[in-house]
Amino acid sequence: MNHPFAQDVIKGLSLEQKKLSSKYFYDDNGSRIFQEIMQMPEYYLTDSEFEILSLQAKQIVEKLKFSEPFNIIELGAGDGFKTFKLLEYLVNAEIDFTYMPIDISQEANDILQEKLKERLPDLSITPKTGDYFEVIEKIGKQSTPNLLLFLGGNIGNYPKEEALDLLNLFNSSMNVGDKLLIGLDLKKNPITIHNAYYDQGGITKRFNLNLLIRINREFDADFKIDDFDFYCHYDPDNGKVKSFIVSLKQQSVYLKALDTTIHFNQNELIWTELSKKYDVEEIETLAELTNFKVNHHFLDCKHYFTDSLWEKK
C-alpha cells in the first residue's frame, strides 16, 4: 500500500523506539480537540502570539519596509484566528497586499475565505490548496515581494536537521529581500511549559490517543484505548518537550486493512511529538545557518513567545 499514512504507521511502529508523526494528529476530531487545547488557560502559546499580532501589527508592517504591493503567504493558516489581527490592520491602513493562505485542505481554505470575506470585505485573498513547497515555489518565482508567515511555534515540531532543511527550502523559494515572520516558543519557567503540555484536564492525553482511534478507523485496527496512557516530559537543558503514548501492558494490535500485527511490551513508548523551545541566541543561529538575517524579535509582554521577522540575504 503506497498510502503515506499507512507507510508511516507501519514503519514507525516497527522501529525499536516506536514513533508516530504528529502531523497525523489533525483528522477532523483531532483538529476539534486541538481547538480545545488552544482554549486551555495553561496553553499560553495561542494567547501570547495573538497578543503580539494584535498589539504590534503596526510595528511589524513598518519593519517590512515594502515600498510596493506585496503578498502575505501563510503556511498552514488553520482557522486564521491569530492572523486576522494583522490582516485587519493592513486592510484598515489601506495597504496594498494580497493574502495567500496555503493549506492541504480545500475545505479549510473555503471556510477561511468565507469567514475572512465576511469580516474584511475589502481583503484581497487568493487561497492556494496543496503542498507548501509546490505552491511557494511557484509564487516565489514572481517578482512581487513576499512575506511568508510560519506561525504558532510550528518550527519547534521538527528535529534540528529537519528544521534546517525546512528553513532552507523556504529560503530557496524566496527572493532577496523577501521576509519570513516565524513564531518560536521561548524557554521559560519549566513548570509553565510542563503545565501547557501535561494539563490537569487530560485534553492533551485525548489529543494523543485520538491518533490510535484514527488508526483503528482508517486501517480497521484493534487498539484498545484504555490499555494506553499519555506521558510528556520537558527538559529545560535542551528546551525539548517530548510526548509519548504508553502501552500499559504487554499486548498485540492487529491492523486488519494492512494485515500487520504490532507487538507492545508493558510500559513501551510511542514517541508522538517534539516541541522545541528556543532562546534568542539559538534563534539567531537558526537564521544564520539558513541564510536569513534577523530584523526584529516581536515579543509578548511576558516574553513567553516571539514572532521573529527574518529577511532573505
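This write-up is about the structure you can find in this document. (Residues numbered from 1 in each chain as written. Predicted model: local features only at pLDDT ≥ 70, side-chain atom pairs only at ≥ 80, totals over all residues. Heavy atoms only, no water.)

## Focus on the overall build of the protein
Note the cut-off: Working definition: helices are DSSP H or I runs of at least four residues, strands are E runs of at least two. Numbering for both runs from the N terminus. Throughout, radius of gyration means the C-alpha value; the globule benchmark is 2.2 Å times the number of residues raised to the power 0.38. Each residue gets one of three labels from its accessible area relative to the maximum for its type: buried under 20%, exposed over 50%, partly exposed in between, using a 1.4 Å probe on protein chains only. Any two residues having at least one pair of non-hydrogen atoms within 4.5 Å are treated as being in contact. Only the protein chains shown count as cover for residues, and the accessible areas themselves come from Shrake-Rupley with a 1.4 Å probe. Positive residues here are Lys and Arg, negative ones are Asp and Glu, while His and the chain termini are left out of the count. In plain terms, the charge of a residue is placed at NZ if it is Lys, CZ if Arg, CG if Asp and CD if Glu.
Broken down by element type, the protein carries 11 helices and 12 strands. The C-alpha atoms of the protein give a radius of gyration of 20 Å, which matches the 20 Å a tight globule of 313 residues would have. In the protein, which comprises 313 residues, the proportion classed as buried is 50%. Of the contacts made within the protein by residues no fewer than 6 positions apart, 71% connect residues no fewer than 24 positions apart. Entry remark: accessible area of the protein is about 15,200 Å², with carbon and sulfur atoms responsible for 49%. Within the protein, one finds 35 positive and 50 negative side-chain charges whose respective centroids are separated by 2 Å.

## As for helix 3 (residues 44–55)
An α-helical segment advances 3.6 residues per turn. Residues three or four places apart therefore align on the same side. Put simply, the rule reads: For a helix, the expected span equals 1.5 Å multiplied by the residue count minus one.
Taking 1.5 Å per residue as the helical rise, helix 3 with its 12 residues ought to reach 16 Å, and the 16 Å between its terminal C-alpha atoms agrees with that figure. Where helix 3 is concerned, the buried positions are Tyr44, Leu45, Thr46, Ser48, Glu49, Ile52 and Leu53.

## What to know about the nonpolar core
For the record, the criterion: Nonpolar cores are built from buried Ala, Val, Leu, Ile, Met, Phe, Trp, Tyr and Cys residues. Side-chain atoms within 4.5 Å join them into one set.
Residues Ile72, Phe97, Tyr99, Leu123, Ile215 and Phe223 are the most contacted members of the largest nonpolar core, which totals 69 residues. Tallying contributions element by element places helix 10 (residues 203–219) first for this core, with 7 residues. The contact partners of phenylalanine 223, leaving out residues within four places of it in the chain, are Leu13, Leu212, Ile215, Asn216, Phe228, Val253 and Phe264. Core analysis: the second largest hydrophobic core is formed by 26 residues, Ile136, Phe170, Leu286 and Phe292 among them.

## As for the sheet that holds strand 5 (residues 179–185)
Here is the rule: At least two DSSP bridges between two strands are required for those strands to pair. Where helices are involved, their axes are fitted lines through C-alpha atoms of the stretch in contact, as for all axes, and angles between N-to-C directions lie from 0 to 180°.
Spatially, 7 strands are ordered 3-2-1-4-5-12-11 in an open sheet, and the strand pairing comes out mixed. Edge strands, defined here as strands with exactly one partner in the open sheet, are strand 3 (128–129) and strand 11 (292–299). Both strand 2 (residues 97–103) and strand 3 contribute to a ladder of 2 bridges, which runs parallel. Paired with isoleucine 102 across the strands is lysine 128, a residue of strand 3. Together, strand 1 (70–75), strand 4 (146–150), strand 5, strand 11 and strand 12 (305–312) form the strand contacts of helix 4 (residues 57–64), whose direction differs from that of strand 11 by roughly 165°. Helix 6 (residues 106–119) rests against strand 2 and strand 3 of the sheet, and its axis sits at about 150° to strand 2.

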